[in-house]
Amino acid sequence: MITEAAAHGAGTVIRGGVAQGEPGAGNGAEDVWAAYERANLDELADGASRSEFMLRFTISHPALSTTIVGR
């Protein structure tokens, strides 16, 4: 969706991209992270925490305009 928005000339702001952290390591809700698990993204994380992996994705996406980290 980020790439599609950019292709249409729209900027993208990611807010809450790591869903307030992981369950047990932050305030993230388990149901929010269930999609992460279904997508088997741990295989791509190369040892990074789930929060780190998602944050790195959002800030490194070439079509992203900005990201807001924190609450």
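Residues numbered from 1 in each chain as written. Predicted model: local features only at pLDDT ≥ 70, side-chain atom pairs only at ≥ 80, totals over all residues. Heavy atoms only, no water.

1. What about the overall build of the chain?
Within the chain one finds 3 helices and 2 strands. Order of helices (α) and strands (β) in the chain, N terminus to C terminus: α-β-α-α-β. Overall, the chain is about 40 × 25 × 20 Å in size when its C-alpha atoms are taken along their principal axes. Long-range contacts, defined here as pairs at least 24 residues apart, represent 46% of the contacts in the chain between residues at least 6 apart. When the accessible surface of the chain is totalled, it reaches about 5,100 Å², and 53% of it is carbon and sulfur. With 5 positive and 9 negative side-chain charges, the chain shows a spacing of 8 Å between the two charge centroids. (Helix = DSSP H or I, 4+ residues; strand = E, 2+ residues; numbered from the N terminus. Contact = heavy atoms within 4.5 Å. Areas by Shrake-Rupley, 256 points an atom, 1.4 Å probe, with all protein chains shown as cover. Lys, Arg positive; Asp, Glu negative; His and termini not counted. Charge placed at Lys NZ, Arg CZ, Asp CG, Glu CD.)

2. A word on the packing of aromatic side chains
Two descriptors summarise a pair of aromatic rings, namely the distance from one centre to the other and the angle between the planes of the rings. All told, the structure shown has 2 aromatic pairs when counted by the stated rule. Between tyrosine 36 and phenylalanine 53 the ring centres are 6.2 Å apart and the planes differ by 85°, which places this aromatic pair in the edge-to-face class. Remark: phenylalanine 53 occurs in helix α3 (residues 50-60) and tyrosine 36 occurs in helix α2 (residues 30-38); sequence separation between them is 17 residues. In this structure an aromatic cluster arises from ring pairing among Trp33, Tyr36 and Phe53. (Phe/Tyr/Trp six-rings, centres within 6.5 Å; stacked < 30°, edge-to-face > 60°.)

3. A short note on the pattern of salt bridges
Counting across every chain of the model gives 3 salt bridges. The salt bridge involving glutamate 37 is made with arginine 50; its shortest N-O contact spans 3.0 Å. Within this pair, whereas glutamate 37 is found in helix α2, its partner arginine 50 is found in helix α3, the two being separated by 13 residues in sequence. The buried category is assigned to arginine 50, whose relative accessible area is 18%. (Salt bridge = Lys/Arg side-chain N within 4 Å of Asp/Glu carboxyl O. Buried < 20%, exposed > 50% of the residue type's maximum accessible area, 1.4 Å probe, protein only.)

4. As for the packing of α2 against α3
Orientation of α2 relative to α3, taken along the N-to-C sense of each, is 80°, at an axis distance of 12 Å. It follows from the interaxial angle that α2 and α3 lie roughly perpendicular. Counted together, Trp33, Tyr36 and Glu37 of α2 and Arg50, Ser51, Phe53 and Met54 of α3 form the full contact between these two elements. Of the residues in the contact of α2 with α3, the class split is 4 nonpolar, 1 polar and 2 charged. (Axes fitted to C-alpha atoms, helices over the stretch in contact; angles between N-to-C directions. Parallel < 35°, antiparallel > 145°, perpendicular 65-115°, else oblique. Nonpolar A, V, L, I, M, F, W, Y, C, P; charged D, E, K, R; others polar.)

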